[in-house]
Amino acid sequence: MLEIVTFTLGPVQTNAYLIADAETRESAVIDPAWDGDIILAEARKRDWRIAHLWYTHAHFDHIGGAGAIADGLNPLPIVALHADDHALWRLDGGAPMFGFKIESGPEPAVDLYQGQMLRLGHVDIEVRYTPGHTPGHCIFYAAAAAACFCGDLIFQNGVGRTDLPGGDWDTLVNSIRTQVFTLPDRTRLLSGHGPETTVGDEKRSNPFVGGLQAS
Ligand SMILES: [Zn+2]
Ligand SMILES: [Zn+2]
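Structure report, in brief.

About the thresholds
- Residues numbered from 1 in each chain as written.
- Chains lettered and ligands numbered in written order.
- Predicted model: local features only at pLDDT ≥ 70, side-chain atom pairs only at ≥ 80, totals over all residues.
- Heavy atoms only, no water.
- Pairing = 2+ DSSP bridges.
- Helix = DSSP H or I, 4+ residues; strand = E, 2+ residues; numbered from the N terminus.
- Axes fitted to C-alpha atoms, helices over the stretch in contact; angles between N-to-C directions.
- Contact = heavy atoms within 4.5 Å.
- Buried < 20%, exposed > 50% of the residue type's maximum accessible area, 1.4 Å probe, protein only.

## Focus: the sheet that holds strand 6 (residues 110–112)
Inference 1: Read across the open sheet, the six strands follow the order 1-2-3-4-5-6; overall the sheet is mixed. Every interior strand has two partners, whereas the edge strands, strand 1 (2–9) and strand 6, have only one. Taking the axes of each pair of neighbouring strands and ignoring which way they run, one obtains an average angle of 25° across the sheet.
Inference 2: Of the pairings in the sheet, the one linking strand 1 to strand 2 (residues 14–21) comprises eight bridges and is antiparallel in character. Paired with Thr6 across the bridge in strand 2 is Tyr17.
Inference 3: In the packing of helix 1 (residues 36–45) onto the sheet, contacts are made with strand 1, strand 2, strand 3 (26–30) and strand 4 (49–54), and the angle to strand 1 comes to roughly 155°.

Here it is as structure tokens:
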């Protein structure tokens, strides 16, 4: 069974998700946003072993805690990121552009791709490639938990901005339509910012993409 702990951290209030298979205690951090020591302390308290850092995308506010987490782990966690966000990762996720400095942690060692199945203990998690906010943005869908970690693709009543380098509006809308709105309506959407929502709620009421049919 998948357990999920949510943190809201850092200068732009980014959601980081510490997840684990309750049975094996194998754990991953989806978007170690900031304050890695806080995430690490929570994992230790629960006796969870963080083996993976999975990034929806490489913006600094989603990876800023990676260095501190890695400093506290041996062996180092394995970092997974889509190849099309590697260039952004090498620029510290744009941190200097916004006046921040981050410790970006270990280099990405696993390339995420559409349809890839990640395993956390006994829990399967599907990777869906969802460019538009950044060129290499991906989301993580845990079907058994009816939960999707969707980064900065879609928020409650909002969508990711597309005015930063590599962003594209039509691509973003297409990603939401083909990769999010095709999930069951009851699926929880755990976004990179703001409160959680569901696929059904966003199909009905999202002012940017609501009313679009899944296809
Ligand atoms: Zn972002
Ligand atoms: Zn963000």
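Now that the structure has been shown, we can carry on.
## Remarks on the pairing of strand 8 (residues 123–129)
Inference 1: The buried count for strand 8 comes to five of seven residues, which makes it a mostly enclosed element.
Inference 2: Note: strand 7 (residues 117–120) against strand 8, four bridges, orientation antiparallel. By the bridge assignment, Arg119 is partnered in strand 8 with Asp124.
Inference 3: Between the end of strand 7 and the start of strand 8, which pair antiparallel, lie two residues, with Gly121 showing a positive phi angle near 60°.

## Some thoughts on the environment of Gly105
Inference 1: The topology assignment puts Gly105 in the loop between helix 4 (86–90) and strand 6.
Inference 2: With 36 residues separating them in the primary sequence, Gly105 and Ile69 have C-alpha atoms 8.0 Å apart.
Inference 3: Those residues in contact with Gly105, other than ones at most four positions away along the chain, are Ala66, Gly67 and Trp89.

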